[in-house]
Amino acid sequence: MRIAIVEDEALAANYLKKLLLTQDILPVAVGDIVMLSSIKEATTFFFQHNVDLVFMDIHLGDGKSLEIFDKIAVKSPVVFITAYENYAIEAFKQFAIGYILKPFNKVALDDVLLKYITITKHLQEDQLSFPKRTTEPDPTKLKDRFLIHDGHRLKSIETNEIAYLFASGKHLFLHTFADERYIYDDTIKDIIAKLDAKTFFKINRSFIVNIQSIKEVIRHNSQKIELVLNVQSEDQQNIFVSKAHIANLKDWLS
């Protein structure tokens, strides 16, 4: 398994590395361990790579490692290491599975490794308990147009005319690039399967956007991303991406 150690003190980093290589709970080889010593270095690494587990000192030479989580989404479970107990609550707001106070020993490390095994086992069991679902919609079932009831008239809206869709109350609205809004008899959950996944993305439980409608992406922090659209009604509130969809949104945009 791959492990990243984010620590600017060489003695502490090498001590932890030695403990990881000599423990018998998880299979760890020398080549499995990545050593990182700064916020800048860690941010660059985690932007491009994932590991199975991260050990991270809170105080680094260029600031607090918690700043990393404001820059990018670290997808790996984290064990924080520090001599300062007062950062525990702030640390556990991230994907932290453990918190080790310096100076630590083999017993403390073994405890968090056993906890890691327990957590990953439960996650794997949860995933197996749900039926597998395909994320890509069937191309043969994608809609090219939608039939709209506009008063006493029927109107056909081409899919590429739709800037975004949103649910409000019991209604689903289609908003076009021509700044027209229509009610459509469907739900967010069902309609997303009828749209091309390369063009449309469900950013939260009530909003689907066309990639052509995105004017700007604003990252307030790693867990709060706002979209500004080039077509937006006066009564439309700020549009935020749900935390669960942030990583997938970045993949979709790229």
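Refer to the structure above for everything that follows.
Residues numbered from 1 in each chain as written. Predicted model: local features only at pLDDT ≥ 70, side-chain atom pairs only at ≥ 80, totals over all residues. Heavy atoms only, no water.

Trainee: Help me understand the pairing of strand β16 (residues 224-229), please; the structure alone is not making it clear to me.
Mentor: Walk down a regular strand and you will see the side chains alternate between the two sheet faces. The sheet contact formed by strand β15 (residues 214-221) and β16 spans six bridges and is antiparallel. Paired with Asn221 across the strands is Lys224, a residue of β16. The turn joining β15 and β16, which pair antiparallel and follow one another in sequence, is formed by two residues. Taken together, the three bridges between β16 and strand β17 (residues 239-241) define a ladder with antiparallel strand orientation. In the strand pairing of β17, Glu226 is matched with Phe240. (Pairing = 2+ DSSP bridges. Helix = DSSP H or I, 4+ residues; strand = E, 2+ residues; numbered from the N terminus.)

Trainee: What exactly am I supposed to notice about the packing of aromatic side chains here?
Mentor: The relation between two aromatic rings is expressed through the spacing of the ring centres and the mutual angle of the planes. This model, assessed by the stated rule, comprises nine aromatic pairs. For the pair Tyr164 and Phe166, a centre-to-centre distance of 6.0 Å together with 40° between the ring planes defines the contact as tilted. Classification of Tyr164 by relative accessible area gives buried; the value is 0%. Residue class for Phe166 comes out buried when judged on its relative accessible area of 9%. (Phe/Tyr/Trp six-rings, centres within 6.5 Å; stacked < 30°, edge-to-face > 60°. Buried < 20%, exposed > 50% of the residue type's maximum accessible area, 1.4 Å probe, protein only.)

Trainee: For this particular structure, what's the right way to read helix α7 (residues 246-253)?
Mentor: An α-helical segment advances 3.6 residues per turn. Residues three or four places apart therefore align on the same side. Among all positions in α7, only Ile246, Leu249 and Trp252 are buried. Projection of α7 onto a plane perpendicular to its axis shows the buried side chains occupying an angular sector of 115°, all on one side. Those residues of α7 that are buried lie in contact with β13 (200-204), β14 (207-210), β15, β16 and β17. (Arc of directions from axis to C-beta. Contact = heavy atoms within 4.5 Å.)

Trainee: Honestly, the nonpolar core in this entry has me stumped. Any pointers?
Mentor: Across soluble globular proteins, nonpolar side chains have a tendency to be buried as a group. Among the nonpolar cores identified, the biggest contains 22 residues, and Val6, Leu36, Phe46, Val54, Met56, Ile68 and Phe80 are the most heavily contacted of them. Listed by contribution, the elements that provide at least two residues to this core are β1 (3-6), β2 (33-36), α2 (39-48), β3 (53-57), α3 (68-71), β6 (78-82) and β7 (96-101). The element that contributes the greatest number of residues to this core is α2, accounting for four residues. Not counting chain neighbours up to four residues away, the residues in contact with Val54 comprise Ala4, Val6, Phe46, Ser76, Pro77, Val78 and Val79. Leu53, Val79, Ile81 and Leu113 belong to the second-largest nonpolar core, a separate cluster that totals 20 residues. (Core = buried A, V, L, I, M, F, W, Y, C linked by side-chain atoms within 4.5 Å.)

Trainee: What am I meant to see in the sheet that holds β16 here?
Mentor: Two pairing modes exist for strands in a sheet, parallel and antiparallel, and in both the strands are linked by backbone hydrogen bonds. Here we have three strands laid out as an open sheet, ordered β15-β16-β17, and antiparallel in their pairing. Both outer strands of the open sheet, β15 and β17, are each paired with one neighbouring strand and no more. Within this sheet the neighbouring strands show an average axis-to-axis angle of 30°, counted without direction. Here α7 sits on the sheet and contacts β15, β16 and β17; the angle it forms with β16, its principal contact strand, is near 45°. (Axes fitted to C-alpha atoms, helices over the stretch in contact; angles between N-to-C directions.)

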